[in-house]
Amino acid sequence: MQAEQIASDLKNLAADVLAKALKAGATDAEAVVYEGDEFSALVRLGQVETLKESGSRAIGLRVFVGQRTASTSSSDFSAESIERLVDGAITLAKITSEDPFAGLPEAHEFGKIEGDQHLYFEDVNEMPPAERIETARRVEAAAMGYDTRIQNSGGGDFDTATSHKILVNSRGFVGEYRRSYCGFSAMPIAVDEKGGMQRNYWYSAARTTRKLESPEEIGHEAARRTLARLGARQVKTQRAPVVFSPEIARSIIGNIFEAANGDSIYRNASFFCDQLGQQVAGENITVVDDGTMIFDGIGGFGTSPFDGEGLPTRRTVLIEKGILKNYVLNTYTAKKLGMKSTGNASRGLAGNPGIGAGNFYLEPGTLTPQQLIGDVKSGLYVTETMGFGVNLVTGDYSQGASGMWIENGELAYPVEEITIAGNLKDMYKNIVAIGNDLVFRGSSAAPTIRVEGMMIAGA
């Protein structure tokens, strides 16, 4: 009952702020109230190193005075602070420039997905702190005990977070949802006989504690990944096939979302500009953004009933069989481009909405990762990239990398201190094989992929 009372109070607060803004001269207004709790524990070498628990509440207000807009936010809910919040927003709006594209969506566009999307589970908060710390201890101990070469640790951790978001606006939209998250990880450090050190990590994350993997399994996987890097060396500079592990394939495919972002498109700052309806990738490539997904009765990490502006989330196919079908848009970028929002508005407390993904993924293929590697006579399997070497205007791609060298279809030895380079426009057309190992460990996912003919710079 207490939680329901708090939710009701927060909703009343949002409605009150909205009414005050309209009374003060706003022609339109939107308020978002956020409340959240976080817990994190880090255990290193069996000892609790950091323990944090925090709660936060805040309100954000966006006002429109004709075609002028401004936003303010506050974590103080006192009457005087709310007055300052409203006055500040109105004052700012009156002195900003007019923008013909500013404004809330049309009333008929608002909506939300009805029914429980299973985004919130109370068990995340019910787990006793001692048990959370013990899980962090167990995952680290499992990694440390796996092999004598693992002699140190970056730690084992356990995190939980819950949040409650309420969005109301002057065009009649009222929406709210709650989310929960829990997860843990281990980061072991291994030493080889020459004193060379390597680290890696692995993790489990879920919306409910019931879906977390075993700490022992995660610790062992973190250890295996760390040990696989021992004795890494450089390879000669050459052009060769590159196989990207799911973790790295996810970021390669993630660049498609950024390139198709309406903000980049209207600024003419993307290699996807003027490419709608064009072939931008191989025919085996279908990329989807879907804010409605539910897996085994649990909402995805990118699932929500409505976007940051109160439009229902939906499934949008960005690339279908290699053809660029859609850009991802919020209301502002859609107006700029003469199009319709795709329900991808993302909203913080202050500022104008940005553009964010739902559950974003590359549709899987039929090959196992072993089959995909098995076809490679000589090439690279990438497990980590470093740096920010991606230019979304030109598509140029260059990243530091480490992983395993492939010889005759087998992972032969670890490699590091190399750079992989290409151009995303070519890389998307040269993805010759896609794995069947699509697993969502976050809001975006991709299976293993193989790209032909990339430049590998090494020794």
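In case you missed it, the structure is sitting above this.
The sections below set out a description of the structure shown in this document.

Cut-off values and rules
Residues numbered from 1 in each chain as written. Predicted model: local features only at pLDDT ≥ 70, side-chain atom pairs only at ≥ 80, totals over all residues. Heavy atoms only, no water. Helix = DSSP H or I, 4+ residues; strand = E, 2+ residues; numbered from the N terminus. Rg over C-alpha atoms; globule rule 2.2 N^0.38 Å. Buried < 20%, exposed > 50% of the residue type's maximum accessible area, 1.4 Å probe, protein only. Phe/Tyr/Trp six-rings, centres within 6.5 Å; stacked < 30°, edge-to-face > 60°. Patch = residues over 30% accessible without salt bridge, like charges linked within 9 Å, V, L, I, M, F, W, Y side chains within 5 Å. Areas by Shrake-Rupley, 256 points an atom, 1.4 Å probe, with all protein chains shown as cover. Salt bridge = Lys/Arg side-chain N within 4 Å of Asp/Glu carboxyl O. Lys, Arg positive; Asp, Glu negative; His and termini not counted. Charge placed at Lys NZ, Arg CZ, Asp CG, Glu CD. Core = buried A, V, L, I, M, F, W, Y, C linked by side-chain atoms within 4.5 Å. Contact = heavy atoms within 4.5 Å. Pairing = 2+ DSSP bridges. Axes fitted to C-alpha atoms, helices over the stretch in contact; angles between N-to-C directions. Expected span 1.5 Å × (residues − 1). Polar contact = N/O pair within 3.5 Å; in protein donor to acceptor, adjacent residues only side chain to side chain.

**A look at the overall build of the protein**
Alright, step 1. Regarding its fold elements, the protein presents 10 helices and 22 strands.
Alright, step 2. Here the C-alpha radius of gyration of the protein, 24 Å, is about what a compact globule of 459 residues would show, namely 23 Å.
Alright, step 3. With respect to the principal axes defined by its C-alpha atoms, the protein has extents near 70 × 55 × 40 Å.
Alright, step 4. For the protein, buried positions account for 50% of its 459 residues.

**Brief notes about the packing of aromatic side chains**
Alright, step 1. If you walk through the whole model with that rule in mind, you get 13 aromatic pairs.
Alright, step 2. Between Phe173 and Phe306, the ring centres sit 5.2 Å apart and the planes meet at 75°, which makes this aromatic pair edge-to-face. Highlighted residues: Phe173 in the loop between strand 4 (150-169) and strand 5 (174-191) and Phe306 in the loop between strand 11 (298-299) and strand 12 (315-320), separated in sequence by 133 residues. Both residues of the pair, Phe173 and Phe306, belong to the buried class.
Alright, step 3. Ring centres of Phe295 and Phe440 lie 5.0 Å apart, and the angle between their planes is 45°; on these two criteria the pair is classed as tilted.

**Some details on a negative patch on the surface**
Alright, step 1. A cluster of acidic side chains, namely Asp76, Glu80, Glu83 and Asp87, defines a negative patch on the protein surface.
Alright, step 2. Position of Glu83 among the secondary structure elements: in helix 2 (residues 79-95).

**Here we look at the nonpolar core**
Alright, step 1. Phe244, Ile256, Phe272, Leu380, Ile420, Ile449 and Ile456 are the most contacted members of the largest nonpolar core, which has 49 residues in total.
Alright, step 2. Looking at this core, the element that brings in the most residues is helix 6 (residues 246-259), giving 7 residues.
Alright, step 3. If we ignore the near neighbours within four places in the chain, the residues touching Ile420 are Phe244, Leu380, Val382, Thr385, Tyr397, Ser398, Gln399, Ala401, Met454, Met455 and Ile456.
Alright, step 4. Listed in part, the 23 residues of the second largest apolar core include Leu10, Ala29, Ile166 and Val168.

**Let's talk about unusual backbone geometry**
Most of the time, phi is negative for any residue but glycine, and the peptide bond is trans.
Alright, step 1. Unusually for a residue other than glycine, Asn268 sits at a positive phi of about 60°.
Alright, step 2. Positionally, Asn268 belongs in the loop between helix 7 (262-266) and strand 9 (287-290).
Alright, step 3. Residues other than glycine seldom take positive phi values, yet Asp274 does so here, at roughly 60°.
Alright, step 4. Within the secondary structure, Asp274 is located in the loop between helix 7 and strand 9.

**Quick look at the sheet that holds strand 16 (residues 359-362)**
Alright, step 1. Taken together, the 5 strands give an open sheet; going across it, the order is 13-12-9-16-21, and neighbouring strands pair in mixed fashion. In this open sheet, the two edge strands, each paired with only one partner strand, are strand 13 (323-324) and strand 21 (444-445).
Alright, step 2. Judged from the 2 bridges that link them, strand 16 and strand 21 form a sheet pairing that is parallel. Within the sheet, the bridge partner assigned to Phe360 lies in strand 21 and is Ser444.
Alright, step 3. Contacting strand 9, strand 12, strand 16 and strand 21, helix 6 crosses the sheet at an angle of about 115° to strand 16.

**Topic: helix 5 (residues 215-227)**
Alright, step 1. Between its first and last C-alpha atoms helix 5 spans 18 Å; for 13 residues at 1.5 Å apiece the expected length is 18 Å, and the two agree.
Alright, step 2. Where helix 5 is buried, its residues touch helix 4 (129-144), strand 4, strand 5, strand 6 (197-199) and strand 7 (202-206).

**Points about the environment of Ser71**
Alright, step 1. As for its position among the elements, Ser71 is in strand 3 (residues 68-74).
Alright, step 2. Taking the C-alpha atoms as reference points, Ser71 and Asp147, 76 residues apart in sequence, are found 55 Å from one another.
Alright, step 3. Setting aside its immediate chain neighbours within four residues, Ser71 contacts Leu61, Arg62, Leu92, Ala350 and Gly351.
Alright, step 4. A polar contact of 2.6 Å, which involves the side chain of Ser71, links it to the backbone nitrogen of Gly351.

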